[in-house]
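Close look at the chain arrangement
So the chains spell out like this:
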Amino acid sequence: MRTLIKNAQCVLPTGTQQVHVLIADGRIASVDAPASTAADEIIDATGLHLIPGVIDDQVHFRDPGLTHKEDLHTGSLACAKGGVTTFLEMPNTKPPAVTQDLLEEKLAIAASKSVVNYGFYIGATPKNVDVLKAARRTPGIKIFIGSSTGDLLVDDQEALERIFGETTLPICAHCEDETTVKANAARLNGGSSYVEHSQIRDHAAARIATARAIDLAKRHRHRFHVLHVSTADELELLTQPDGLITAEVCPHHLFFNVDDYARLKSLVQMNPSIKTAADNEALWGGLLDGRVQVIATDHAPHTLEEKAQPYPKSPSGLPAVENSLALMLDSVNRGRCSLEQVVAWMCDAPARVWDIVNKGRIAEGYDADLVLVDMQKKATIRNAEQLTKSGWSPWDGVTLHGWPVRTWVHGATVFADGQVDRAHRGREAQFDHALGGYWATR
């Protein structure tokens, strides 16, 4: 199957150009094909932009064990609609992916269910360092340095030293200091309001744990990715890149703050918690000045019934993969950033951080994971139209300017004309950790 996409403004590694892109056998065969090139399908994309498929390196699709909230099929449908062509999923499922066998069970489920490409982190526990040393078919190791469930909390310093000192895979972590969170909760008698959630999981909790993890990474010379930076305080720790440390922010930490609890209540209850308007601005600044390299969603759905429970019974997490790209395209139209920057943060950087082979760029030989976006399209997010199994969005009722209109995965159309090809199946992402991560020259 050969597809020629003509006349799009293509966001290439060298800048944006109007070129004709030829897809053949699931790969990008040419980024400057003649207009007369023969193809099975010819698409005139005049007035539209072509970008690489988004890589969301932090999602929770709840499969196995919690599939009443989401599963690898419904989560991937939301990805396709939202322009996300590859996701990397976290290990805190039931059972958690803390062995090679459990990791491969998740890969097998995805092979049968996912319409887009996929990869899965292996989870660290205080006792599985030997498993982590031998792990394969994974982007890296996920550590919960802060509250979690079951055996996934790793707060013991000796265990952390072993993980950073003895393993070789890239590491990422949820950084909230458990001691600080517990002390804050005790002071507030466990908390009784959503505002107090941000006081329990406060700036200090985030800063202390992030500083601890960065110290471990630097002392052991180990690649480390700071997940969901939520505070200006943490940005102060990211001022001197040394070839080891990368970081990311999430849409909810860019667009929501404690003032939104009055309107949205538990719908914006997250871990790490949303912070202040000043932190919103600081995080934007961290993206724009390069201290933060990646935007990912931390898509973590719960049912509306679960979210409606009174605090602190209400669970933390919100769905976002369906709308994350549109939120950023809207930000381009508002003048907050450029489309080239969005592509760098959401496509190129995550591919480089996690050494994903042949993804994240529009370049010859790369996989034809592509998204056609209409920067002029305006549409309103509606709960009733969400493909995520949870069936809601904290941005319900918000009109955005700029939307993905067609998505390809390995050259096959998986979303077009408002519909997802539910029968398509994505592929397991391939990782070559010899590539050296984000800071390596490519």
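Remember, predicted model here, so these are calculated numbers, not experimental data. (Residues numbered from 1 in each chain as written. Predicted model: local features only at pLDDT ≥ 70, side-chain atom pairs only at ≥ 80, totals over all residues. Heavy atoms only, no water.)

Attention shifts here to the overall build of the protein chain. Helices and strands together make up the secondary structure of the protein chain, namely 14 helices and 18 strands. Here the protein chain has a C-alpha radius of gyration of 21 Å; the compact-globule value for 442 residues is 22 Å, and the two agree. Across its three principal axes, the protein chain shows a C-alpha extent of roughly 70 × 45 × 40 Å. The proportion of buried residues among the 442 residues of the protein chain is 61%. Contacts in the protein chain between residues at least 24 apart in sequence constitute 73% of all its contacts with a sequence separation of at least 6. Side chains of the protein chain give 44 positive and 55 negative charges; the mean places of these two sets differ by 2 Å. (Helix = DSSP H or I, 4+ residues; strand = E, 2+ residues; numbered from the N terminus. Rg over C-alpha atoms; globule rule 2.2 N^0.38 Å. Buried < 20%, exposed > 50% of the residue type's maximum accessible area, 1.4 Å probe, protein only. Contact = heavy atoms within 4.5 Å. Lys, Arg positive; Asp, Glu negative; His and termini not counted. Charge placed at Lys NZ, Arg CZ, Asp CG, Glu CD.)

So, about the sheet that holds strand β6 (residues 54-59). Pairing in this open sheet of 3 strands is parallel, and the strands run β6-β7-β8 from one edge to the other. Each edge of the open sheet is held by one strand with a lone partner, namely β6 and β8 (117-120). Direction aside, the axes of adjacent strands within the sheet are offset by 20° on average. Bridging between strand β7 (residues 84-89) and β8 involves 4 bridges; their strand directions are parallel. Bridging from a neighbouring strand, T86 pairs with N117 of β8. Along the sheet face, helix α1 (residues 72-82) touches β7 and β8 and points at about 140° away from the line of β7. (Pairing = 2+ DSSP bridges. Axes fitted to C-alpha atoms, helices over the stretch in contact; angles between N-to-C directions.)

Bringing the pattern of salt bridges into the picture now. This model, assessed by the stated rule, comprises 28 salt bridges. With its nearest N and O atoms 3.0 Å apart, the salt bridge here joins R207 to D233. In this pair, R207 is assigned in helix α7 (residues 203-220) and D233 in helix α8 (residues 232-235), connecting sequence segments 26 residues apart. Given the relative accessible area of 32%, R207 is considered partly exposed. Overlapping salt bridges, with partners in common, bring together R27, K359, D367 and D369 in one network. (Salt bridge = Lys/Arg side-chain N within 4 Å of Asp/Glu carboxyl O.)

So, about the environment of E322. Relative to the helices and strands, E322 is located in the loop between α12 (304-307) and α13 (324-333). By relative accessible area, which is 4% here, E322 ends up buried. For the pair E322 and S76, spaced 246 residues apart in sequence, the C-alpha to C-alpha distance is 9.4 Å. Sequence-distant contacts of E322, that is, excluding residues within four places in its chain, are made with A78, K81, G82, E385, Q386, L387 and T388. In terms of polar contacts, E322 uses its side chain to reach the side chain of K81, at 3.0 Å. (Polar contact = N/O pair within 3.5 Å; in protein donor to acceptor, adjacent residues only side chain to side chain.)

The next subject is the pairing of strand β5 (residues 49-52). Relative to β5, strand β1 (residues 2-12) runs parallel, the two sharing 2 bridges. The residue of β5 that forms the bridge with Q9 is H49. Bridge count for β5 against strand β15 (residues 370-380) is 4 bridges, and the pairing is antiparallel. Counted as the bridge partner of P52 is L370 from β15.

Before going further, it helps to examine the environment of C10. Here C10 lies in strand β1. For the pair C10 and L48, spaced 38 residues apart in sequence, the C-alpha separation works out to 8.7 Å.

End to end, helix α14 (residues 339-353) covers 20 Å across 15 residues, agreeing with the expected 21 Å (1.5 Å per residue, within 8%). The largest bend along α14 measures about 35° and falls at W345. Looking one or two places after α14, you find D355, whose phi comes out positive at around 55°. (Expected span 1.5 Å × (residues − 1). Bend = angle between axes of the 7 residues up to and from the residue.)

For the rest of this paragraph, the subject is the packing of α13 against α14. For any two helices packed against each other, one specifies the inter-axial angle together with the distance between the axes. Running from amino to carboxyl end, α13 crosses α14 at an angle of 150°, the nearest separation of the two axes being 9 Å. It follows from the interaxial angle that α13 and α14 lie roughly antiparallel. Crossing of α13 over α14 shows right-handed handedness. Contacts from S324, L325, M328, L329 and V332 in α13 reach L339, V342, W345 and M346 in α14. (Parallel < 35°, antiparallel > 145°, perpendicular 65-115°, else oblique. Left-handed = near helix turned anticlockwise from the far one by under 90°.)

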